[in-house]
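Observations on the three-dimensional arrangement
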Amino acid sequence: MREDQEQILNDYKRIKDSLESLSSSLSDNIKDTLKNCKNVDHINFRVKTEKSFSEKANSLDANHRIKYPNPFREMQDIIGGRVVVYYKSDLQQIIDELEKNYSRVEKKEIIPDDEKEFGYEGIHYIFLIPNHIYNPYIESHNVPYFFEFQIKTLYQHAWAQSEHGLGYKPDVELPKNIKRKLAFLAAQSWGADEILSELVTNINYLKN
C-alpha cells in the first residue's frame, strides 16, 4: 500500500461533489452531441466509488512500483460514460460524432485475440474534458483532465453486465464445465448481435 494512501483518499472525498457535478455536465454535453444519432438505447455516466478509486490508486506496475504516482492526473477513468446502441451498424455514427466533437487521447477496440474465442467486446475512448466544461473546476488541482467513454451494442452491453454480475475474474481458475458454459454464452451473444445486424441491413434494403 502506498504511504500517502490515507491523504489521497481524503483528497478524493473532498472533490467527490465536484466530480459528480463534472460528470453530470459531461453527460449533458454527450447527450446533446449524440442527439441526432439513431437507435441510441441509453447514455450514462458514473464517478468511481471511493473503494474503486482507492484500489486502483494502490495498484502496482510490472516492476512492483506504484502505477499511478499522481492518480488524480494519471488515472483516466475516474469519470466514465457509456452509450449503448441497438445494432452494430449504429456504431459508426457514434464514432464519427464523438471524434468530431472531442479531443481523442486514446482509442481501443476490444475484441478477443483469437477468431475462435468469444468474450467482452466494445470500443473504449479516452477524451480530454472540453475546456468549456472543465474551466469551472480549474481551481481544484485534483480534478482529472480526462474521461473514459465506452460504445457498445445492446448485446455487447448485456454480455458485459452478465459477466460482471457473475463475479468472474480472469485470474481465477474455473472448472472446465463452467468455462465451457461461459464460452457458449459469449458465443451466443456474439452470434445474436451479428444476425440482428444482418437482419436490420436486409430489411432496410427491402424497404428502399
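Residues numbered from 1 in each chain as written. Predicted model: local features only at pLDDT ≥ 70, side-chain atom pairs only at ≥ 80, totals over all residues. Heavy atoms only, no water.

**Describing the overall build of the protein**
The number of helices and strands found in the protein is seven helices and five strands. Considering only contacts in the protein between residues 6 or more positions apart, those separated by 24 or more positions represent 70%. With an accessible surface of roughly 12900 Å², the protein has 49% of that area assigned to carbon and sulfur atoms. (Helix = DSSP H or I, 4+ residues; strand = E, 2+ residues; numbered from the N terminus. Contact = heavy atoms within 4.5 Å. Areas by Shrake-Rupley, 256 points an atom, 1.4 Å probe, with all protein chains shown as cover.)

**Details of the packing of helix 1 (residues 5-33) against helix 2 (residues 50-57)**
Two elements in contact, helix 1 and helix 2, have axes whose closest approach is 10 Å; the angle formed by their N-to-C orientations is 140 degrees. Between helix 1 and helix 2 the crossing geometry is right-handed. Residue-level contacts link Gln 5, Ile 8, Leu 9, Tyr 12, Lys 13 and Lys 16 of helix 1 to Glu 50, Phe 53, Ser 54 and Ala 57 of helix 2. Per-class residue counts for the contact of helix 1 with helix 2 are five nonpolar, two polar and three charged. (Axes fitted to C-alpha atoms, helices over the stretch in contact; angles between N-to-C directions. Left-handed = near helix turned anticlockwise from the far one by under 90°. Nonpolar A, V, L, I, M, F, W, Y, C, P; charged D, E, K, R; others polar.)

**Observations regarding the pairing of strand 2 (residues 79-85)**
Of all seven residues in strand 2, seven are buried, a share of seventy percent or more. By the alternation rule, side chains of strand 2 split into Ile 79, Gly 81, Val 83 and Val 85 and Gly 80, Arg 82 and Val 84, which are all buried. Of the pairings in the sheet, the one linking strand 1 (residues 40-47) to strand 2 comprises seven bridges and is antiparallel in character. From the neighbouring strand, His 42 faces strand 2, where its bridge partner is Val 84. Note that strand 2 and strand 5 (residues 146-153) share six bridges and pair parallel. Within strand 5, the residue paired with Arg 82 across the bridge is Gln 150. (Buried < 20%, exposed > 50% of the residue type's maximum accessible area, 1.4 Å probe, protein only. Pairing = 2+ DSSP bridges.)

**Description of helix 4 (residues 91-101)**
For an α-helix the count is 3.6 residues per turn, leaving residues at separations of three or four pointing the same way. Of all the positions in helix 4, only Leu 91, Ile 94, Ile 95 and Leu 98 are classed as buried. On an axial view of helix 4, the arc spanned by its buried residues comes to 100 degrees, and they lie on one face. (Arc of directions from axis to C-beta.)

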